[in-house]
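Commentary on secondary and tertiary structure
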Amino acid sequence: MPVAVRALLGALPGLAAVAALALCANGVERAADAQAGPAAVADRYAAPRPPIVPRSRWLGDAARTQPAPRYDDRVLAVFVHHTDTPNGYDCADVPDILRGVYLGQTGGRDWDDIGYNFVVDRCGTVYEGRAGGIERPVTGAHTQGFNHRTTGIAALGTFTEGVPVPDELTDAIAAVAAWKLGESGTDPRAKVALISSNGLSRYAAGATATLPAVAGHDDGYQTSCPGAALTARLPDIRDTAARLQGRSG
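An account of the accompanying structure is given in this report. Everything quoted here is computed from the prediction, not taken from an experiment.

Let us look at the overall build of the protein chain. Check the secondary structure of the protein chain and you find eight helices and eight strands. Here the protein chain holds 249 residues, and 45% of them are scored as buried. Contacts in the protein chain between residues at least 24 apart in sequence constitute 72% of all its contacts with a sequence separation of at least 6. Surface accessibility of the protein chain: about 12300 Å² in total, with carbon and sulfur atoms responsible for 55%.

Quick look at unusual backbone geometry now. The omega torsion of the bond from Cys225 to Pro226 falls at 15°, within 30 degrees of zero and hence cis. Structurally, Pro226 is set in the loop between α6 (217–220) and α7 (228–231). Although it is not a glycine, Asp110 adopts a positive phi angle of roughly 60°. Structurally, Asp110 is set in the loop between α4 (94–108) and β3 (118–120). Positive phi values are uncommon outside glycine, yet Arg149 reaches one of about 60°. With respect to the helices, strands and loops of the structure, Arg149 is situated in the loop between β4 (126–128) and β5 (150–155).

Position of Gly185 relative to the elements: it lies in the loop between α5 (167–182) and β6 (191–195). Relative accessible area serves as the criterion here: at 14%, Gly185 is assigned to the buried category. When the C-alpha atoms of Gly185 and Val75 are compared, they prove to be 9.5 Å apart, with 110 residues separating the residues in sequence.

Leu169, Ile173, Leu194, Val214 and Leu230 are the most contacted members of the largest nonpolar core, which totals 38 residues. The biggest single contributor to this core is α5, with nine residues. Every residue in contact with Leu194, bar those within four places of it in the chain, is listed here: Leu76, Ala77, Phe79, Phe146, His148, Arg149, Thr150, Ala207, Thr208, Ala209 and Leu211. The next biggest cluster of nonpolar side chains, apart from the first, holds 15 residues, and it includes Val53, Cys91, Ile114 and Tyr127.

On the basis of which strands lie adjacent, the open sheet formed by six strands has the order β1-β4-β3-β5-β2-β8 and mixed pairing. Because the sheet does not close on itself, it has two edges, and the strands there are β1 (52–53) and β8 (214–216). Summarising the sheet, β3 and β5 pair through three bridges and their orientation is parallel. Residue Val119 lies in a different strand from β5, and its bridge partner there is Ala154.

Looking now at α5. The terminal C-alpha atoms of α5 lie 22 Å apart, and with 16 residues this matches the ideal 22 Å at 1.5 Å per residue to within 8%. Along α5, 13 of the 16 residues are buried, which leaves the element largely enclosed by surrounding structure.

Here we come to the packing of aromatic side chains. Aromatic rings in a pair are described by how distant their centres are and how their planes are angled relative to each other. Counting across every chain of the model gives four aromatic pairs. Ring geometry for Trp58 and Tyr102: centres 6.1 Å apart, planes at 70°, overall edge-to-face. Linking Trp58 in helix α3 (residues 55–59) with Tyr102 in helix α4, this pair joins segments that are 44 residues apart in sequence. Trp58 sits in the buried class, given a relative accessible area of 0%. For the ring pair Phe146 and Tyr203, a centre distance of 5.9 Å and an interplane angle of 85° mean the geometry is edge-to-face. Separated by 57 residues along the polypeptide, Phe146 in the loop between β4 and β5 and Tyr203 in the loop between β6 and β7 (208–212) bring together distant segments of the chain.

Below, the discussion takes up the pattern of salt bridges. Scanning the entire structure with this criterion turns up eleven salt bridges. Between Arg149 and Asp73 there is a salt bridge; the shortest N-O distance is 2.6 Å. Pair noted here: Arg149 is in the loop between β4 and β5 and Asp73 is in the loop between α3 and β2 (77–82), with a separation of 76 residues, a long-range link. Overall, the relative accessible area of 29% leaves Arg149 in the partly exposed class. Here the residues in one salt-bridge network are Asp73, Arg74 and Arg149, joined through shared partners.

Reading guide: rules and limits
Residues numbered from 1 in each chain as written. Predicted model: local features only at pLDDT ≥ 70, side-chain atom pairs only at ≥ 80, totals over all residues. Heavy atoms only, no water. Helix = DSSP H or I, 4+ residues; strand = E, 2+ residues; numbered from the N terminus. Buried < 20%, exposed > 50% of the residue type's maximum accessible area, 1.4 Å probe, protein only. Contact = heavy atoms within 4.5 Å. Areas by Shrake-Rupley, 256 points an atom, 1.4 Å probe, with all protein chains shown as cover. Core = buried A, V, L, I, M, F, W, Y, C linked by side-chain atoms within 4.5 Å. Pairing = 2+ DSSP bridges. Expected span 1.5 Å × (residues − 1). Phe/Tyr/Trp six-rings, centres within 6.5 Å; stacked < 30°, edge-to-face > 60°. Salt bridge = Lys/Arg side-chain N within 4 Å of Asp/Glu carboxyl O.

The structure is reproduced here in structure tokens:
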């Protein structure tokens, strides 16, 4: 304890000295919290990983030769999409549907892999999308200009205005968002700063954009995705994800 503080405490009556010591201790605790930094916040708001079907289960021998995955240092935001495919599917048929999405993106569009990091069906099942490891911050190919430090979660189907959005689907999206954002201590209801990497997005290349931590595809790119019906559910998804992280208020 500094000499000046000891001298001050010596001049105070007993109870006042105790109060002063308490203030000093409180200051030390706050300093310790500040030094703990993002890792402590991430640990505090970590959410459990939901069950995820590995890509090997749906892709099988349809996988094409592709370059090694790329990674970011962390995930600060998730972008919600829809796949713009039919809605009236049986959930048992989802692996076949996902193979079709994969072949369309890697074949017709000549992408190196499926663009989404995760895909969620209307029954609430979560599927691993892009290769690289679900536990790691894999750089996706889902939102022009904002693939870095983000995860792309696609809802299997088309969710334009008036289309019912199953609660099972939004709950599963929220669970993935809570888990991935919890690893960086990011509040799903917050706004985050992301740097645009491509001028074809809504922002010039190199510009810093302030976007929702749980954003719709159209927040970063000029598109109607994820559809008006699913966009209207994003506030619910953010609130559910925040509760899964143990946040209140």
